[in-house]
Amino acid sequence: MNVTLRQLEVFQSVAATRNFSRTGERVGLTQPAVSRAINELEAQLGLKLLNRTTREVELTEAGRSLAARLTRVLEDLESTLLDVRGMATDPRGRVRVASSPTLSANLMPDCIAHCQTALPGIQLVLLDRHQSAVLDSVLSGEVDFGVVIDPGDRELLECETILAEPFCLACPPDHRLARKRQVRWTDLAGESLVLLDHASGSRRLIDRALADHGVPHTVAQEVGHPTTIFRMLDAGLGVSVIPTLALPPEGLPRLAVRPLLPRVDREIVLVHRRNRALAPVAQAAWDLVREVAAQRR
């Protein structure tokens, strides 16, 4: 059975007015269109709802039965639709977000705090994982969306870049490169580097920049978190290329930090599964993360 809401609304009006012309005025249809809607509804139901003459319109027994129940049905439907529409204007619920470690530590806390103030009906639940695990959780549907470094392959993902930030050099304050106001990638030639490991979304970009600039180097240590890098640099184990966002708000008083030229950016990207629309509550959280990231620019 293929009965439309429009057909039911037209019938409800005819049942109330007993007049096709007045119904047309009410619902914004011509009289022939009103008649066609009633005919189509009767055809779908397989019975007559109205007896029509040149002078009057009368409800059949089936018509009276439908009219008596229809008002409540349409009222319930309208109430349901209003409730669902309200999910977009006043979202409530739990949103699961996965992000990689540097973003979990240096971007997402501000997002969660802002969410508690701006969207108190939403509980933002963070899963702190390496980038590959973040992407797996997005594609499996375990989380609503992820916050990652440029994922490279975007075939299965809907992506929105929310922030671009440069890489910089961190080194001990007595290192030769600390004497420069700006450091070029080629100045890293021959250095021992302490880098984020390949589970990080940044490592691919760092390796590509070193290769593009033809920088011979040694990777002394590969670690999973910038805090470990900072401790190794304190111990004199080398220098590092790190994303700006990995720097703590209070800075690194025991290390020197210098911009790297030419500038190489990493993109921070929101991702969710392609061809799967976000629920209104998740969309509200996505927009909030974008807003907080914009303030970092």
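Residues numbered from 1 in each chain as written. Predicted model: local features only at pLDDT ≥ 70, side-chain atom pairs only at ≥ 80, totals over all residues. Heavy atoms only, no water.

Defined as follows: UniProt positions are given in the numbering used here, feature names are shortened, and annotations may be inferred rather than shown by experiment.
The name that an unreviewed UniProt entry assigns to the protein is DNA-binding transcriptional LysR family regulator, with the source organism given as Paracidovorax wautersii. In its Sequence similarities (unreviewed entry) section, the UniProt entry covering the protein states "Belongs to the LysR transcriptional regulatory family."

**So, the overall build of the protein**
This is how the line gets drawn: Only runs of H or I of at least four residues qualify as helices and only runs of E of at least two qualify as strands under DSSP, and these elements are numbered from the N terminus. The cut-offs for exposure are 20% and 50% of the maximum accessible area for each residue type, with area from a 1.4 Å probe on protein chains only; residues under the lower value are buried, those over the upper are exposed, and the others partly exposed. The contact rule is simple, with two residues in contact once any of their heavy atoms fall within 4.5 Å.
Looking only at helices and strands, the protein features ten helices and twelve strands. Seen through its principal axes, the protein has C-alpha atoms that stretch 100 × 35 × 30 Å. Each of the 297 residues in the protein was classed as buried or not, and the buried ones make up 42%. By sequence separation, contacts in the protein at least 24 residues apart represent 73% of the contacts at least 6 residues apart.

**Let's talk about helix 10 (residues 280-295)**
So the rule is basically this: Each helix should span, by expectation, one fewer than its residue count multiplied by 1.5 Å.
Relative to the 22 Å expected for 16 residues at 1.5 Å per residue, helix 10 spans 23 Å between its end C-alpha atoms, a close match to the ideal helical length. Elements that come into contact with the buried residues of helix 10 comprise strand 3 (93-99), helix 6 (108-118), strand 4 (122-128), strand 5 (145-149), strand 6 (157-171) and strand 12 (265-273).

**A word on the pattern of salt bridges**
Going by this rule: Salt bridges are identified by distance alone: a Lys or Arg side-chain nitrogen within 4 Å of an Asp or Glu carboxyl oxygen.
Tallying each qualifying case throughout the model produces 16 salt bridges. Linking arginine 72 and aspartate 76 is a salt bridge whose minimum nitrogen-to-oxygen distance equals 3.3 Å. Of the two residues, arginine 72 and aspartate 76 are both situated in helix 4 (residues 61-89); the distance of four residues between them amounts to about one turn of the helix. The exposure class assigned to arginine 72 is exposed, which follows from its relative accessible area of 55%. You can call aspartate 76 partly exposed: its relative accessible area is 39%. For arginine 154, the salt bridge is made with aspartate 150, and the minimal N-O distance between the two is 3.1 Å. We classify arginine 154 as partly exposed; its relative accessible area is 27%. The structure contains a network of salt bridges with shared partners spanning Arg96, Arg129 and Glu142.

**Comments concerning the packing of aromatic side chains**
Selection criterion: The rule is short: rings of Phe, Tyr and Trp, with Trp giving its six-membered ring, pair when the centres are within 6.5 Å, and they are stacked under 30 degrees, edge-to-face over 60, tilted in between.
Enumeration over the complete set of coordinates arrives at one aromatic pair. Aromatic side chains phenylalanine 145 and tryptophan 286 sit 5.4 Å apart centroid to centroid with 65° between the ring planes, which places their arrangement in the edge-to-face category. Linking phenylalanine 145 in strand 5 with tryptophan 286 in helix 10, this pair joins segments that are 141 residues apart in sequence. The exposure class assigned to tryptophan 286 is buried, which follows from its relative accessible area of 5%.

**Structural notes on helix 7 (residues 131-140)**
Convention followed: What the arc describes is the spread of directions from the helix axis to the C-beta atoms.
Burial in helix 7 covers these residues: Gln131, Val134, Leu135, Ser137 and Val138. Looking down the long axis of helix 7, one finds its buried residues gathered within 160° of arc, a one-sided arrangement. Relative to its buried face, helix 7 has exposed residues pointing more than 90 degrees away, namely Asp136 and Ser140. Summarising the contacts, the buried residues of helix 7 are in contact with strand 3, strand 5, strand 6, helix 8 (201-212) and strand 12. Of the residues one or two after helix 7, glycine 141 is the one with positive phi, at around 85°.

**As for the pairing of strand 5**
Filter applied, for reference: Here, any two strands with at least 2 DSSP bridges between them count as paired.
Across the five residues of strand 5, five count as buried, placing the element largely inside the fold. Side chains Phe145, Val147 and Ile149 of strand 5 all project onto a buried face; the interleaved residues Gly146 and Val148 project onto the opposite face, where all are buried too. With three bridges connecting them, strand 3 and strand 5 associate as parallel partners. Its bridge partner lying in strand 5, serine 99 is registered against valine 147.

**Notes on a nonpolar patch on the surface**
Note the threshold: Like-charged residues are merged into a patch within 9 Å and nonpolar side chains (Val, Leu, Ile, Met, Phe, Trp, Tyr) within 5 Å, provided each residue has over 30% relative accessible area and no salt bridge. For every accessible area listed, the method is Shrake-Rupley and the probe measures 1.4 Å; residues are considered covered only by the protein chains on display.
Taken together, the side chains of Met1, Leu45 and Leu47 present a nonpolar region at the surface, about 320 Å² in accessible area. With respect to the element layout, leucine 47 can be found in the loop between helix 3 (31-45) and strand 1 (50-52).

**What about the nonpolar core?**
Side chains that are nonpolar tend, in soluble globular proteins, to be buried together. Convention followed: By convention a nonpolar core is built from buried Ala, Val, Leu, Ile, Met, Phe, Trp, Tyr and Cys residues, the set being connected through side-chain atoms within 4.5 Å.
Val95, Phe145, Val147, Trp185, Leu188 and Ile268 are the most contacted members of the largest nonpolar core, which totals 47 residues. The element that contributes the greatest number of residues to this core is helix 10, accounting for nine residues. Leave out the neighbours within four places in its chain, and leucine 188 touches Leu169, Leu177, Leu210, Val215, Pro216, Val241 and Leu260. Of all hydrophobic cores here, the second largest spans 17 residues; its members include Leu8, Val34, Leu50 and Leu74.

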